[in-house]
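Per-entry structural report
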Amino acid sequence: MKTCLECGDKIVGREDKKFCSDGCRNAYNNKINKDSTNFMRNVNNKLRKNYRILSVLNVDGKGKTTRTKLLSKGFDFEFFTNILQTKTRNTYYFVYDQGYRLLEEDYCMLVKKEI
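This section reports on the structure supplied with the text.

Criteria and cut-off values
Residues numbered from 1 in each chain as written. Predicted model: local features only at pLDDT ≥ 70, side-chain atom pairs only at ≥ 80, totals over all residues. Heavy atoms only, no water. Helix = DSSP H or I, 4+ residues; strand = E, 2+ residues; numbered from the N terminus. Buried < 20%, exposed > 50% of the residue type's maximum accessible area, 1.4 Å probe, protein only. Contact = heavy atoms within 4.5 Å. Areas by Shrake-Rupley, 256 points an atom, 1.4 Å probe, with all protein chains shown as cover. Lys, Arg positive; Asp, Glu negative; His and termini not counted. Charge placed at Lys NZ, Arg CZ, Asp CG, Glu CD. Phe/Tyr/Trp six-rings, centres within 6.5 Å; stacked < 30°, edge-to-face > 60°. Lys NZ or Arg CZ within 6 Å of the ring centre and 35° of its normal. Expected span 1.5 Å × (residues − 1). Arc of directions from axis to C-beta.

Our next topic: the overall build of the protein. Helices and strands together make up the secondary structure of the protein, namely three helices and five strands. Reading the helices (α) and strands (β) of the protein from amino to carboxyl end gives α-α-β-α-β-β-β-β. Considering only C-alpha atoms, the protein reaches an extent of 70 × 30 × 25 Å along its principal axes. Counting across all 115 residues of the protein, residues that qualify as buried make up 23%. Taking all contacts inside the protein whose residues are at least 6 apart in sequence as the whole, residues at least 24 apart take part in 37%. Split by element, the accessible area of the protein, about 8500 Å² in all, is 49% carbon and sulfur. For the protein, the separation between the mean place of its 23 positive charges and that of its 14 negative charges on side chains is 1 Å.

Right, here's the structure in full:
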């Protein structure tokens, strides 16, 4: 007799069935697919927050803001997904397709990568 991978109850029905119900199947898959550690979950939350902030401030795909304004909205400059260095040695930091470049004084140039 086969048992459910989630709860251990006996399985009735098809021979290749792995779960006793849809609820057990969903619970099992949710456990498998969730972020495995608090660290990963926290990093992903910070990336999502940074992305939302850049998206709200960069509606037109190119703009300017201040570092102070980004910080006041909760932006964390330590969390980004990739760095792009241009031929002219300008460094852009991206959170997925939303990016920024630190300028002189307190300013930041906002850009959106065309996908």
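Moving on, there is more to tell.
With that settled, consider the packing of aromatic side chains. Using the criterion set out here, one finds seven aromatic pairs in the structure. For the pair F19 and Y28, a centre-to-centre distance of 5.1 Å together with 55° between the ring planes defines the contact as tilted. Ring centres 4.8 Å apart and planes at 70° place the aromatic pair F75 and F77 in the edge-to-face group. Taking relative accessible area as the criterion, F77 reaches 14% and is therefore assigned buried. Pairwise contacts between aromatic rings join F75, F77, F80, Y93 and Y100 into one cluster. A cation over an aromatic ring shows up here: R67 above the ring of F77, its NZ or CZ 4.2 Å from the ring centre. The aromatic ring of F94 is capped on one face by K113, whose charged end is 4.3 Å from the ring centroid.

Quick look at helix α2 (residues 38-57) now. Here α2 spans 29 Å end to end across 20 residues, near enough to the 28 Å set by a 1.5 Å rise per residue. Those residues of α2 lying buried are L47, N50, I53 and L54. Burial along α2 is one-sided: seen end-on, the buried residues are contained in an arc of 125°. Turned more than 90 degrees off the buried face of α2, the exposed positions are N38, R52 and V56. Check the buried side of α2 and you find it contacts α3 (67-72), β3 (91-95), β4 (98-102) and β5 (107-112).

In short, the description is geometric, and any link to function would need to be established separately.
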